[in-house]
Amino acid sequence: MSIKQLLMEADAIQVGIQATDWRQVITLAAKPLVQGGYLRPAYADAVIANTLEHGAYYVFEEGIAIPHARPESGVLKDCFSLILLAEPISFQGSDKADIVILFGARDSNAHIEEGIRAIVTLLESDETLARLRQASNPAEVMAIL
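Parameters and conventions
Residues numbered from 1 in each chain as written. Predicted model: local features only at pLDDT ≥ 70, side-chain atom pairs only at ≥ 80, totals over all residues. Heavy atoms only, no water. Buried < 20%, exposed > 50% of the residue type's maximum accessible area, 1.4 Å probe, protein only. Helix = DSSP H or I, 4+ residues; strand = E, 2+ residues; numbered from the N terminus. Arc of directions from axis to C-beta. Contact = heavy atoms within 4.5 Å. Phe/Tyr/Trp six-rings, centres within 6.5 Å; stacked < 30°, edge-to-face > 60°. Lys NZ or Arg CZ within 6 Å of the ring centre and 35° of its normal. Pairing = 2+ DSSP bridges. Salt bridge = Lys/Arg side-chain N within 4 Å of Asp/Glu carboxyl O.

1. So, helix α1 (residues 3-10)
- Among all positions in α1, only Ile-3, Leu-6, Leu-7 and Ala-10 are buried. Buried residues of α1, viewed axially, fall in a sector of 100°; they line one side.
- In the segment just after α1, Asp-11 is the residue with positive phi, at about 50°.

Okay, structure coming up:
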């Protein structure tokens, strides 16, 4: 299943989110996935703990953050959640990001290989990134993706 299909199935697109705390963003990104039975509630805590321990290595200079944790941290089903922030924020001292894609994969090979490759492929176009940043609702995001 594609990222677009997984986002749609989980109803996990949030647009125009006002947030100043990266922990809050991770919790918000995980919320629809927890509610939908894709992640255990502890997954967001694991992502936060991982960030505090290892830094925000998942933030890229294009303003994209791809927070995640290990499969055993609470992944029930492969999933993605997308948040478009109203203003970019720093994740634990990182460069600022305004496109946040939290993902969970059930096994660690798929976790790294498929998850990140799919996200990079989806967002490799500057035009796509610019259009996403202008989107005002989840339907517009789905049309762009």
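2. With respect to the environment of Ile-89
- Within the secondary structure, Ile-89 is located in strand β4 (residues 79-90).
- As a C-alpha pair, Ile-89 and Leu-122 span 33 residues in sequence and 22 Å in three-dimensional space.
- Setting aside residues up to four positions removed in sequence, Ile-89 forms contacts with Ala-19, Thr-20, Asp-21, Trp-22, Val-25, Asp-95, Lys-96 and Ala-97.

3. What to know about the packing of aromatic side chains
- By the definition in use, this model includes 3 aromatic pairs.
- Centre to centre, the rings of Tyr-57 and Tyr-58 are 5.6 Å apart; their planes meet at 75°, and the pair counts as edge-to-face.
- Here a set of aromatic residues connected by ring pairs shows up, and it is made of Tyr-57, Tyr-58 and Phe-91.
- One Lys or Arg, Lys-77, reaches over the ring of Tyr-38 and ends 4.6 Å from the middle of that ring.

4. Quick word on the pairing of strand β1 (residues 13-17)
- Extensive coverage of β1 is indicated by the burial of 4 of its 5 residues.
- Looking at chain direction, β1 and β4 are connected through 4 bridges and run parallel. From the neighbouring strand, Ile-13 faces β4, where its bridge partner is Leu-82.

5. Some points on unusual backbone geometry
- The backbone of Asp-11 sits at a positive phi, close to 50°, despite the residue not being glycine.
- Relative to the helices and strands, Asp-11 is located in the loop between α1 and β1.
- Since its relative accessible area comes to 63%, Asp-11 is described here as exposed.
- Non-glycine residue Gln-92 carries a positive phi angle of around 50°.
- Here Gln-92 shows up in the loop between β4 and β5 (96-104).

6. Considerations on the pattern of salt bridges
- Applying the stated criterion to the full structure yields 4 salt bridges.
- Across the pair Asp-21 and Arg-23 runs a salt bridge whose closest N-O atoms are separated by 3.5 Å.
- Of the residues examined, Asp-21 reaches a relative accessible area of 29% and is grouped as partly exposed.
- Residue classification places Arg-23 among the partly exposed residues on the basis of a relative accessible area of 34%.
- Between Asp-78 and Arg-106 there is a salt bridge, with its nearest N and O atoms 3.5 Å apart. Linking Asp-78 in the loop between β3 (64-65) and β4 with Arg-106 in the loop between β5 and α4 (108-123), this pair joins segments that are 28 residues apart in sequence.

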